[in-house]
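# Close look at the chain arrangement
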Amino acid sequence: MNNYTYIPISNLQLAFSVLLVLITGLISALLKLGLLKSLIWGTIRAFVQLTLIGYVLTYIFALNNLIVIAMVILFMCFVASREATRRVKNVPHHTGILSFLSLSASTFVVGLIVVIVIISPQPWYSPQVVIPIFGMLLGNSMNAIALSLDRMYSEVHSHIDEVEQLLCFGATPWESVLNYIKNAVAAGMTPTINSLMVVGLVSLPGMMTGQILAGMNPQSAVRYQFIVMVMIAASVAIGCLLIVGLSYKKMFNEEMALVDEIRKN
Amino acid sequence: MTQFFQFTNLCRHFEQNGRYIMESGTVEPGHILAIRGPSGAGKSTLLKMLARLVIPESGEIMYRGQSWQTIAPMEWRTRVHYVAQKPVMFPGTLEENFRMPFKVSSILSDKVFSTENMLQYLAEIDLPPSMLSQEAGTLSGGEAARAALIRALLMEPEILLLDEPTAYLDGDSRAAVINLLNQWVAVQERAILVVSHKDEDISELNKVSILTVAVGKAGE
């Protein structure tokens with residue numbers, strides 16, 4: 001029998017937690033890391049963003065409207081796709097749209113399966129379930145897609161002679177970069193597979209920890225966490241495959257040769 | 001009369017220095033066209049345009065009376081085959097590297113790999129058959145350059161585009177390669193376009209004509 005209920009955090013307790021920032025600030029100041037300004041700005045942003053999202057989620061949960069939820073998720077996909085491609089170097093074209101398509105497709109396919117078939121809330125689009133599930137999928141797929149894209153371009157950049165040699169053998173663009181595409185998909189999937197290996201031994205995932213803190217029986221929290229982890233793995237795999245499958249063609253021109261932006265670097 | 005291989009006003013600008021190359025040339029079966037010119041004149045770029053690895057901004061390439069645009073790039077590159085100056089070897093043994101074009105290309109998968117030709121080419125350019133089981137990555141620069149040439153010949157192209165084929169070779173190996181090229185081009189309908197800085201290479205090649213590439217400057 002579990003009599004545990006979650007302990008609400010008062011404003012005073014919340015304010016007290018800010019003292020922890022002082023520890024980080026003190027270390028930054030002592031070692032002259034130059035991070036103090038970023039730390040203060042980051043703390044303020046985190047507080048404001050989380051407070052706002054708290055109100056927004058409360059409002060969306062109360063609305064319980066399918067169209068609003070769909071719009072919110074599409075907006076999340078848009079932001080995630082921008083973040084996924086922003087820091088990828090050596091990209092000869094805009095990958096934003098391809099990233100958005102890959103993220104949306106992988107997230108919606110896996111997310112809908114999990115929500116409708118596995119968790120089955122009432123109604124099926126219940127925002128308390130849909131938004132956190134899609135959020136977790138997006139966060140992980142976003143990082144995986146960024147890793148895959150970065151790996152694909154860096155591999156091709158460093159193997160231009162090999163790719164052109166394969167083209168001279170009569171290989172198609174796909175055949176000429178297939179090995180690098182495989183490496184790119186593997187690079188995107190590896191962190192997720194690694195986390196499957198060590199979960200429960202090295203780390204207790206945030207979602208599971210949150211549910212336990214909120215009073216859920218650990219055995220129930222574990223079930224949710226398992227579903228979350230396998231759905232993330234599936235979404236990451238689909239997302240990585242889609243992003244490299246859609247974007248590799250952009251490295252080639254209509255003559256099925258490498259574009260100048262790739263060749264000249 | 002239909003030209004065997006001809007390119008006309010093939011033009012490409014270099015972004016770095018505003019210069020450009022614009023060249024025309026022709027080569028008949030059994031003949032060799034030697035491409036010469038100062039460093040940076042665009043000799044390698046010309047070969048890559050002919051291999052369709054670099055798109056020319058203007059100009060025309062005709063092959064057996066057909067415009068290049070009527071032939072798919074993948075098929076073109078197996079018939080008009082480019083061999084880079086820096087030899088590219090893939091992980092695996094030397095023999096696996098020789099067989100690789102027949103595995104990766106659906107166009108060449110219909111052709112039969114000739115072990116007999118492989119052994120004959122090896123003998124002609126002084127590479128021992130025992131080397132076939134050696135990891136290609138362990139070959140010296142000169143060995144890899146000769147191996148890359150053999151791999152190209154085994155694909156049985158009709159036009160060979162060679163970028164400095166003797167750059168990594170010493171005296172005996174160089175002579176063997178020149179001899180092999182003279183023999184290869186004399187058989188059936190074949191031609192070679194070769195970039196070379198070495199006077200002795202060009203003087204020892206048979207039926208050779210010379211195209212001197214001049215550097216153009218933007219605005220000229």
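Placed above this text is the structure.
Rules behind the numbers
- Residues numbered from 1 in each chain as written.
- Chains lettered and ligands numbered in written order.
- Predicted model: local features only at pLDDT ≥ 70, side-chain atom pairs only at ≥ 80, totals over all residues.
- Heavy atoms only, no water.
- Pairing = 2+ DSSP bridges.
- Helix = DSSP H or I, 4+ residues; strand = E, 2+ residues; numbered from the N terminus.
- Buried < 20%, exposed > 50% of the residue type's maximum accessible area, 1.4 Å probe, protein only.
- Core = buried A, V, L, I, M, F, W, Y, C linked by side-chain atoms within 4.5 Å.
- Contact = heavy atoms within 4.5 Å.
- Expected span 1.5 Å × (residues − 1).
- Polar contact = N/O pair within 3.5 Å; in protein donor to acceptor, adjacent residues only side chain to side chain.
- Buried area = accessible area lost by both parts, 1.4 Å probe.
- Salt bridge = Lys/Arg side-chain N within 4 Å of Asp/Glu carboxyl O.

## With respect to the pairing of strand 4 (residues 58–63) of chain B
Two faces make up the sheet, and in a regular strand the side chains alternate between them. Residue and element names in this part refer to chain B. Across five bridges, the pairing between strand 1 (residues 5–13) and strand 4 is antiparallel. Note on strand 4: the bridge partner recorded for F5 is Y63. Bridge count between strand 4 and strand 5 (residues 66–67): two bridges; the pairing is antiparallel. Considered in strand 5, the bridge of Y63 is made with Q66. Taken together, strand 4 and the strand that follows it, strand 5, pair antiparallel across an intervening segment of two residues, in which R64 is found at a positive phi of about 55°.

## A short note on helix 7 (residues 160–168) of chain A
With respect to burial, helix 7 of chain A is a largely interior element, seven of its nine residues being buried. A:G170 occupies a position one or two residues after helix 7 of chain A and carries a positive phi of about 95°.

## Notes on the nonpolar core
Considering soluble globular proteins, one finds that nonpolar side chains tend to be buried as a cluster. Core analysis: the largest hydrophobic core is formed by 79 residues, its most contacted members being A:I133, A:M251, B:F5, B:F7, B:L46, B:L50 and B:L193. The biggest single contributor to this core is helix 6 (residues 127–158) of chain A, with 13 residues. Excluding residues that lie within four positions of it along the chain, A:M251 makes contacts with A:M152, A:Y153, A:V156, A:V177, A:A257, A:L258, A:V259 and A:I262.

## Observations regarding helix 10 (residues 218–247) of chain A
The periodicity of an α-helix, 3.6 residues per turn, causes residues three or four places apart in sequence to face the same way. Between its first and last C-alpha, helix 10 of chain A extends 42 Å over 30 residues, near the 44 Å set by a 1.5 Å rise per residue. The N-cap residue of helix 10 of chain A is A:N217: its side-chain oxygen and the backbone nitrogen of A:Q219 are 2.8 Å apart.

## What about the interface of chain B and chain A?
A common way to state how big an interface is: give the accessible area lost once the parts meet. Each partner contributes to the interface: chain B provides 25 residues, whereas chain A provides 21 residues. Buried area between chain B and chain A, both sides added, is near 2100 Å², and the carbon and sulfur share of it is 57%. Across the chain B-chain A interface, the total number found is four salt bridges. The partner of B:R52 in a salt bridge is A:E255, with the nearest N and O atoms 2.6 Å apart.

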